[in-house]
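# Coordinate analysis (summary)
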Amino acid sequence: MTSSPAQSSKPIGFASVEQLKQQLRQKSQLKGRQADEMGMAEVKKLLTLNFADLAERPDLLIEHLHVLNDTYLGLHDRHLLALAKLMNLPMAEVYEVATFYHHFEIIRDGEKPADITVRVCDGLSCEMAGARGLLDKLPQLLSEKLAEMSVRVVAAPCVGRCEQAPAVVVHQNAIVHATLEKVSAAVKGHQTQAAAPSAVDLEAYVAEGGYALLQQLKNKSLDREAVLNAMENSGLRGLGGAGFPAGRKWRIVQAQTAPRLMAVNIDEGEPGTFKDRTYLETDPHRFLEGMLIAAHVVGIDAIYIYLRDEYHGCRAMLQAELDKLKTNPFFELPHIELRRGAGAYICGEESAMIESIEGKRGEPRMRPPYIAEVGLFGKPTLAHNFETLYWVRDIVQKGPGWFSGYGRNGRKGLRSFSVSGRVKKPGVKLAPAGITIAELIEEYCGGMQDGHDFYAYLPGGASGGILPASLKDIPLDFDTLQPYGCFIGSAAIIVLSNQDSARNAALNMMNFFAHESCGQCTPCRVGTSKAAQLMQAPVWDNATLEDLNQVMADASICGLGQAAPNPVRSVQKYFSQEIS
């Protein structure tokens with residue numbers, strides 16, 4: 001029998017004022033473990049040396065976690081508790097952010113962190129260059145030679161040094177063309193810090209005419225509209241992968257209500273991609289001037305530069321050059337902050353990057369609204385890739401025809417191809433848009449390595465699919481590869497030979513996607529993991545894989561899950577002999 005409302009209702013008691021105050025005091029007290037005095041003192045002392053506004057800036061949570069992680073080789077419970085209290089944040093929020101990013105090590109009470117962590121890149125280019133052998137042999141070798149210290153060896157996703165494969169990172173020091181001997185020597189010698197690259201510094205850049213264009217904009221001898229027209233007429237498109245016309249993006253954000261912000265993406269986590277690092281290591285102020293020109297034209301109040309954590313040497317150098325600009329500015333600068341990623345490929349997606357800059361888990365946002373309207377801290381935001389801004393100065397100074405005047409096979413512009421794999425001369429190749437893979441290998445890469453015949457290639461990193469050598473004459477550019485089930489993305493080219501297999505390359509990529517899925521949506525989180533399991537079978541279950549492909553492509557929130565099926569479908573279409 002169902003009771004009536006009158007029967008089921010309970011009497012409401014009235015408390016005194018003092019009783020209500022006591023209840024509020026009890027609710028305001030933290031539940032669970034409390035921060036101890038030692039933890040509070042350690043965190044407060046360390047962070048006040050690095051940051052002035054501790055509690056007022058929840059967006060600095062990841063930066064604070066980095067300081068603690070660097071100092072104590074991990075994040076201890078007592079420090080997380082203290083940090084939560086000092087920042088006036090729930091412990092659950094601090095913990096969920098700390099556990100989201102790969103480069104933060106959670107240290108439980110009673111545990112001791114490893115003295116040195118060695119990360120061996122297991123990306124495709126490094127795997128082809130022998131990374132698996134390093135992963136298999138390094139743990140025993142280092143434990144035998146270095147009994148006096150604890151060394152942890154782990155596999156790591158692409159670290160952005162594919163042209164120098166295999167790459168190993170000893171704490172923060174990248175060992176390129178790594179061998180057992182080189183890694184062992186670095187660990188034994190405690191060579192754990194990255195050296196800053198010898199880039200063109202501020203003084204040298206200015207001596208060669210740097211920042212003259214920006215000064216013309218500031219003193220109004222150059223019109224903002226003229227710059228916008230040059231950007232639009234050049235045909236420059238976003239070079240992070242999406243390919244949205246840069247000039248059009250500037251106009252969209254310019255039309256929004258102030259204040260407007262800018263977020264610069266140098267997370268560059270797509271396997272096979274290293275062009276941004278290469279340019280940053282050599283000519284950082286060309287990028288910074290392009291960034292400041294965009295900020296002036298669009299009307300930007302604050303800029304946040306998001307640099308991937310693996311680029312430790314670049315970060316030290318870039319911060320030093322930014323400090324020089326701020327100390328002796330030639331012109332009024334907007335507010336600029338350099339932010340540090342923490343090892344999450346998903347933060348290359350612009351809305352996930354914005355979440356990370358705000359001090360949160362890097363989970364992509366649902367759209368609409370688009371970040372041009374509601375972006376960083378809820379403000380209209382201009383999001384740009386590093387390389388897009390790198391070309392701004394040349395386009396404006398030399399005229400839009402300079403950039404659009406390049407091209408082959410009916411395409412226009414220049415592309416920076418990150419080429420790795422079985423070629424003699426891997427590296428960043430600045431070549432005309434529309435060049436074919438056959439031309440790129442022969443004209444720019446010195447041909448295939450001795451003893452290797454061209455078999456296949458990935459035209460756009462992990463996400464861009466895989467094509468056979470028989471399709472070597474497709475122009476490489478935006479919109480030319482889609483009819484073949486592929487896309488160029490950030491122009492990361494990985495070349496395979498007859499000693500490699502497309503199915504193994506696809507499996508490597510799917511394992512990467514499964515590892516890097518943020519887990520927010522089920523199609524991506526479950527689909528990538530399940531696909532990786534199915535792809536290990538000698539004969540693929542194509543029907544089940546295609547079901548997964550369809551769900552991931554149709555229902556994933558962001559490009560990671562949507563593009564994850566591309567390598568699988570490429571193997572099914574072009575390399576069926578390998579999976580049947």
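Residues numbered from 1 in each chain as written. Predicted model: local features only at pLDDT ≥ 70, side-chain atom pairs only at ≥ 80, totals over all residues. Heavy atoms only, no water.

## Structural notes on the packing of aromatic side chains
- Applying the stated criterion to the full structure yields 19 aromatic pairs.
- Centroid distance Trp 402 to Phe 403: 6.2 Å. Interplanar angle 50°. Geometry classified as tilted.
- Given the relative accessible area of 19%, Trp 402 is considered buried.
- Cluster of aromatic residues (ring-pair linked, three or more members): Tyr 279, Phe 287, Phe 386, Tyr 390, Trp 391, Trp 402, Phe 403 and Tyr 406. (Phe/Tyr/Trp six-rings, centres within 6.5 Å; stacked < 30°, edge-to-face > 60°. Buried < 20%, exposed > 50% of the residue type's maximum accessible area, 1.4 Å probe, protein only.)

## Thoughts on helix H4 (residues 61–72)
- With twelve residues, H4 should reach 16 Å at 1.5 Å per residue; the first-to-last C-alpha distance of 17 Å fits that figure.
- Within the span of H4, buried status applies to Leu 61, Ile 62, Glu 63, His 64, Leu 65, His 66, Val 67, Leu 68 and Asn 69.
- Following H4 by one or two positions, Leu 73 has its phi on the positive side, about 60°. (Helix = DSSP H or I, 4+ residues; strand = E, 2+ residues; numbered from the N terminus. Expected span 1.5 Å × (residues − 1).)

## Quick word on unusual backbone geometry
- Between Ala 258 and Pro 259 the backbone carries a cis peptide bond, its omega angle lying at 0°.
- Counting through the fold element by element, Pro 259 comes out in the loop between helix H13 (246–254) and strand S7 (260–266).
- At the junction of Pro 368 and Pro 369, the peptide bond is cis and its omega measures out at 5° in the coordinates.
- Its location among the elements puts Pro 369 in the loop between helix H17 (350–357) and strand S10 (381–385).
- Its identity is not glycine, yet Glu 268 carries a phi of approximately 40°, on the positive side.
- Looking at where Glu 268 falls in the secondary structure, it is placed in the loop between S7 and helix H14 (275–282).
- On the basis of relative accessibility, which here comes to 8%, the residue Glu 268 falls in the buried class.

## Focus: the sheet that holds strand S9 (residues 335–340)
- Here we have four strands laid out as an open sheet, ordered S9-S8-S7-S10, and parallel in their pairing. Looking along the sheet, the strands with just one partner apiece sit at the ends: S9 and S10. Here the average twist between neighbouring strands, direction ignored, is 20°.
- In terms of strand pairing, strand S8 (residues 300–307) meets S9 through six bridges, oriented parallel. Looking at the pairing, Tyr 304 lines up with Glu 337 of S9.
- On the sheet, H13 packs against S7 and S10 and is oriented at approximately 160° with respect to S10. (Pairing = 2+ DSSP bridges. Axes fitted to C-alpha atoms, helices over the stretch in contact; angles between N-to-C directions. Contact = heavy atoms within 4.5 Å.)

## A look at the confidence of the model for the chain
- Across the chain, pLDDT averages 93, with 94% of residues at or above 70.
- Across residues 1–15 the pLDDT falls below 50, and counting only partners more than four positions away or on other chains, this stretch makes two contacts in the model.
- Confidence over residues 24–30 falls short of pLDDT 50; this stretch has two contacts with residues more than four positions distant or in other chains. (pLDDT = per-residue confidence, 0-100.)

## Some remarks on the sheet that holds strand S13 (residues 454–458)
- In space, the five strands of this open sheet follow the order S12-S11-S15-S13-S14, with mixed pairing throughout. Edge strands, defined here as strands with exactly one partner in the open sheet, are strand S12 (427–432) and strand S14 (467–468).
- Where S13 lies against S14, two bridges are found, and the strand directions are antiparallel. Residue Ala 456 lies in a different strand from S14, and its bridge partner there is Pro 468.
- Helix-sheet contacts for H14 involve strand S11 (414–421) and S12, and the interaxial angle to S12 is about 100°.

## Quick word on the packing of helix H3 (residues 37–50) against H4
- It is at 10 Å that the axes of H3 and H4 come closest, and there the two elements cross at 115°. Between H3 and H4, the angle falls in the class roughly perpendicular. The handedness of the crossing between H3 and H4 is right-handed. Of the residues in H4, those touching H3 at Glu 42, Val 43, Leu 46, Leu 47 and Asn 50 are His 64, Val 67, Leu 68, Thr 71 and Tyr 72.
- Of the residues belonging to the contact of H3 with H4, the class tally is six nonpolar, three polar and one charged. (Parallel < 35°, antiparallel > 145°, perpendicular 65-115°, else oblique. Left-handed = near helix turned anticlockwise from the far one by under 90°. Nonpolar A, V, L, I, M, F, W, Y, C, P; charged D, E, K, R; others polar.)

## Thoughts on the state of the cysteines
- A full pass over the atoms with the stated rule returns zero disulfides.
- Cys 524 forms no disulfide, and the closest cysteine sulfur to it belongs to Cys 521, at a distance of 5.0 Å.
- The buried category is assigned to Cys 524, whose relative accessible area is 5%. (Disulfide = S-S within 2.5 Å.)

## Focus on the pairing of S12
- Where S11 and S12 come together, six bridges link them in antiparallel fashion. Bridge assignment links Phe 417 to a residue of S12, and that residue is Lys 429.
- Between S11 and S12, which follow one another and run antiparallel, lie five residues.

## A word on the environment of Leu 382
- With respect to the helices, strands and loops of the structure, Leu 382 is situated in strand S10.
- For Leu 382, a relative accessible area of 0% corresponds to the buried category.
- With 61 residues separating them along the chain, Leu 382 and Glu 321 place their C-alpha atoms 23 Å apart.

## Considering the side chain of Asn 69
- Here Asn 69 is to be found in helix H4.
- On the basis of relative accessibility, which here comes to 9%, the residue Asn 69 falls in the buried class.
- At 3.1 Å, the side chain of Asn 69 and the backbone oxygen of His 103 are in polar contact.
- Leave out the neighbours within four places in its chain, and Asn 69 touches Gly 74, Leu 75, His 103, Phe 104 and Glu 105. (Polar contact = N/O pair within 3.5 Å; in protein donor to acceptor, adjacent residues only side chain to side chain.)

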